[in-house]
Amino acid sequence: MNETAAVGAQRRMLTKAAASRAHEYPDVKLTHEVLTGHPVECLAEAAEHALALVVGRRGRGGYTGIRLGSVVRGLLHRAHCPVVTVPSG
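For clarity, every value in this text was computed on a predicted model and none was experimentally measured.

Each value, and the rule that gives it
Residues numbered from 1 in each chain as written. Predicted model: local features only at pLDDT ≥ 70, side-chain atom pairs only at ≥ 80, totals over all residues. Heavy atoms only, no water. Buried < 20%, exposed > 50% of the residue type's maximum accessible area, 1.4 Å probe, protein only. Helix = DSSP H or I, 4+ residues; strand = E, 2+ residues; numbered from the N terminus. Arc of directions from axis to C-beta. pLDDT = per-residue confidence, 0-100. Salt bridge = Lys/Arg side-chain N within 4 Å of Asp/Glu carboxyl O.

### Brief notes about helix α3 (residues 70–78)
1) Next: Listed as buried for α3 are V72, G74 and L75. Down the axis of α3, the smallest arc covering the buried residues is 160°, so these residues share one side. Summarising the geometry of α3, the exposed residues directed more than 90 degrees from the buried face are S70 and H77.

### Structural notes on the confidence of the model for the protein
1) Next: On average, residues of the protein score 86 in pLDDT, and 90% of them reach the 70 mark or higher.
2) Next: Element-level mean pLDDT values for the protein span from 87 in helix α1 (residues 3–22) up to 95 in helix α2 (residues 39–46).

### Structural notes on the pattern of salt bridges
1) Next: Throughout the structure, instances matching the rule amount to one salt bridge.
2) Next: Between R78 and E41 there is a salt bridge; the shortest N-O distance is 3.0 Å. Of this pair, R78 sits in helix α3 while E41 is found in helix α2, placing the two residues 37 residues apart along the sequence.

Below, the structure written as structure tokens:
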């Protein structure tokens, strides 16, 4: 799969996931954006003027409640706003 097809697939998945909750919160402004590049740099830049950055955490390292992944760790050093992590599940 080439990059264009992969971005299209990610965009469709994001739109579908957000649509299932959008009707519950009609006053919340939601935009969809699929970025390519290093996740820490892309997320930190996208959150440049945000009040907070919320990111998911998969917890695959065996110490789910203790360890942070490389992306969250990088965002804690790079982001100019609070970083909130949400565990999977």
